[in-house]
Amino acid sequence: MLSDIALYGAIETGLIYGLVAFAIYLSFRVLDFPDLTVDGSFPLGAAVAAVLIIDGWDPWLATGCAVLAGMAAGAVTAILNVKLKILNLLASILTMIALYSVNLRVMGRPNIALLGEDTVLTPWYSLDLPYHQVPVLLFVIVIFASLILLWRFMKSETGLAMRATGANPRMARAQGIATGAMIILGVAVSNGLVGLAGALFAQSQGAADVTMGVGVIVIGLASLIGGEAVITPSTVVRALIACVVGAIIYRLAIAFALNADFLGLQAQDLNLITAVLVTLAIVLPGIRSSVVGKLTRKKA
Amino acid sequence: MAKQTLRTLLGASLMAVASLAQAAEPRVVAITQIVEHPALDAVYQGVKDELAERGYTEGDNLKVMHESAQGNSAIASQIARKFIGDSPDVIVAIATPSAQTVAAAARNIPVVFAAVTDPVGAKLVKNAEAPGANITGVSDMLPIDKHLDMLLRVVPGAKRVGTVYNPGEANAVSLVELLEERLQARGLTLVKGAATKTSEVLGAARSLVGKVDAIYLTTDNTVISAAEAVISVGERAKIPVFAADTATVARGAVAAMGFDYYDHGRQAGVMVARILEGEKPGDMAVETMEKLDLFVNPEAGERMGITLSDDVIAEAAEVVKSDK
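### Overview of the overall build of chain B
- Of regular secondary structure, chain B possesses 13 helices and twelve strands.
- Scaling as 2.2 N^0.38, a compact globule of 324 residues should have a C-alpha radius of gyration of about 20 Å, and chain B matches this with 22 Å.
- The principal-axis extent of the C-alpha atoms belonging to chain B is close to 65 × 40 × 35 Å.
- Considering only intrachain contacts with a sequence separation of at least 6, the fraction spanning at least 24 residues in chain B is 70%.

### Some remarks on the overall build of chain A
- Along chain A, the regular secondary structure elements total twelve helices and two strands.
- Put simply, chain A runs from its N terminus to its C terminus through helices and strands in the order α-α-α-α-β-α-α-α-α-β-α-α-α-α.
- Here chain A holds 300 residues, and 51% of them are scored as buried.
- Counting contacts in chain A only where the partners sit at least 6 residues apart, residues at least 24 apart contribute 76% of the total.

### Looking at unusual backbone geometry
- Look at A:Lys85: it is not a glycine, yet its phi comes out positive at around 60 degrees.
- One can find A:Lys85 in the loop between helix H3 (59-82) and helix H4 (88-107).
- C-beta crowding within 10 Å serves as the criterion here: with 8 such atoms nearby, A:Lys85 is assigned to the exposed category.
- Backbone geometry at B:Lys123 places phi at a positive 60 degrees, although glycine is not the residue there.
- Within the secondary structure layout, B:Lys123 lies in the loop between strand S4 (111-116) and strand S5 (135-139).

### Re helix H5 (residues 144-154) of chain B
All names here are of chain B.
- Listed in full, the buried residues belonging to H5 are His147, Leu148, Met150 and Leu151. Around the axis of H5, the buried residues are gathered within 160 degrees of arc, so they sit on the same side.
- Where H5 is buried, its residues contact helix H6 (170-185), strand S8 (214-217), strand S9 (241-243), strand S10 (255-258) and strand S11 (293-296).

### Let's talk about the domain arrangement of chain B
- Here chain B is partitioned into domain 1 (2-140 + 260-283) and domain 2 (144-258 + 293-319).
- For domain 1 of chain B versus domain 2 of chain B, the separation of C-alpha centres amounts to 34 Å.

### What to know about helix H8 (residues 179-205) of chain A
Residue and element names in this part refer to chain A.
- Relative to the 39 Å expected for 27 residues at 1.5 Å per residue, H8 spans 39 Å between its end C-alpha atoms, a close match to the ideal helical length.
- Burial analysis of H8 places 25 of its 27 residues in the buried class, which makes it a mostly covered element.
- Of the residues trailing H8, Gly206 is marked for its positive phi of about 85 degrees.

Rules of the game
- Residues numbered from 1 in each chain as written.
- Chains lettered and ligands numbered in written order.
- Predicted model: local features only at pLDDT ≥ 70, side-chain atom pairs only at ≥ 80, totals over all residues.
- Helix = DSSP H or I, 4+ residues; strand = E, 2+ residues; numbered from the N terminus.
- Rg over C-alpha atoms; globule rule 2.2 N^0.38 Å.
- Contact = placed C-beta atoms within 7 Å.
- Buried ≥ 20, exposed ≤ 12 C-beta atoms within 10 Å, placed from the backbone.
- Arc of directions from axis to C-beta.
- Domains from an automatic or database assignment.
- Expected span 1.5 Å × (residues − 1).

Given below as structure tokens:
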């Protein structure tokens, strides 16, 4: 069966991707802004953090800069959309491909190793815990803090204005909300979270690599939808918890697939499993009750 | 092909002997690879075949686990955790990202990497000569020293070696730096011609005329795309052109020594077998490719004003005729 190390490894990766799921919740669900920038801002966060750590910066400060870099990338996408009137999906694709070059420039080469460097995890390894549990402990704290901050933000006046912008932009504008500014802020925060996820991932994996961003959007979406299938996102808190739960479930599913020799499943079947999981997650609640409209058509 | 059959036969006979000798519980080798790719798949096959030849029979006294991350680094990390949790006898990590993610989490399990160009730069090992920890492996770095040995054998009096490179290509720049260092160690000088795009390669090659005794091209993508330009300059100015990749020999370079990723995997397989037999990875120096295939093109040599000696031609794995 699943070994301890594989189990904690799955939870660790799930917690990091929980941050990505928060980001996707913010862009897709709250703002109704399909944002593919994340495939570029994830390695951007990793690249910025890795370069600064190698340069001798404090790892937390480097991680903070990764968040700011992610926010800047998100802001670019949103400005392309809001100010230059480029379709949101296209704007995010443009930023995403531009980021590939930017990431190579930031790193100066395709891969920066962090093995043996001081990372945010280093001080925690002196705790009296098995080494594979240490990252889980730290990332639980990080994701809990992010969840609380996001929740409080969503309940603030700005957060409510942002939610109104996504739900009904015309009405929001009529109420005097600067919807353009809300979109820029929201997409920036969303990508800041992804930058954070990238920075933490690089530090737990021992390297930043330009190819790290491949498929981040799909995994984030699968986590979000999977989580929503388990926990009905009737409130903001429930929706955020659903993101984390979904991300961990997705990673556990992969860990089991890697272990499921008896089913004949292998890692190369993962993309198919992802597609099946997402489909099931969308269809099952509809069979269970009649809230299918909630998931297939947004806020009908 | 005949070589392959011989290997299989040899492997089969060894297996028969070994299966009599060892009936203990199977040794476990876990192989993680970042993506399916012809070169990386060949490494995987090479590792398995080498182990088979050394008497480790899959399903009998050997269990091989193999997973590919399909280019996804999060999955690579989960594969690494799964393997470490299963605590096999050896983990083989193919390509840099897979090796790094295994290295980040493996504490006591021996790890052998393959298809990693710069294991020190990738922080897999601190010192390639004496890795010390639980990780060692085979690097696919160009064996520049062996290439220079060959170049000097063909052009014994060479004092100044020229190269054309793209200063915008990170890989090419580091190879040229390495080339310069290795040449200086032999008391030779490197003359560089820079070309930032394929259309500039001809000019860069011409700038070398009169300043060099031979030209050596690294695996610089820009320059190799326009290798004919360098070769035509070599033919007109009678400067022999050597290459780092064997494909360029058919295009008119005098000679090149290359390796095949299958043999690379075989070499990694030898290291895996040594660890299975009790050696410590920390005591095993990181290896570079040993088995190199020499490709020569005698006609191209004539056109560039040199004659390849019979023993060089006899040593060649392949004697190529130019396409043109």
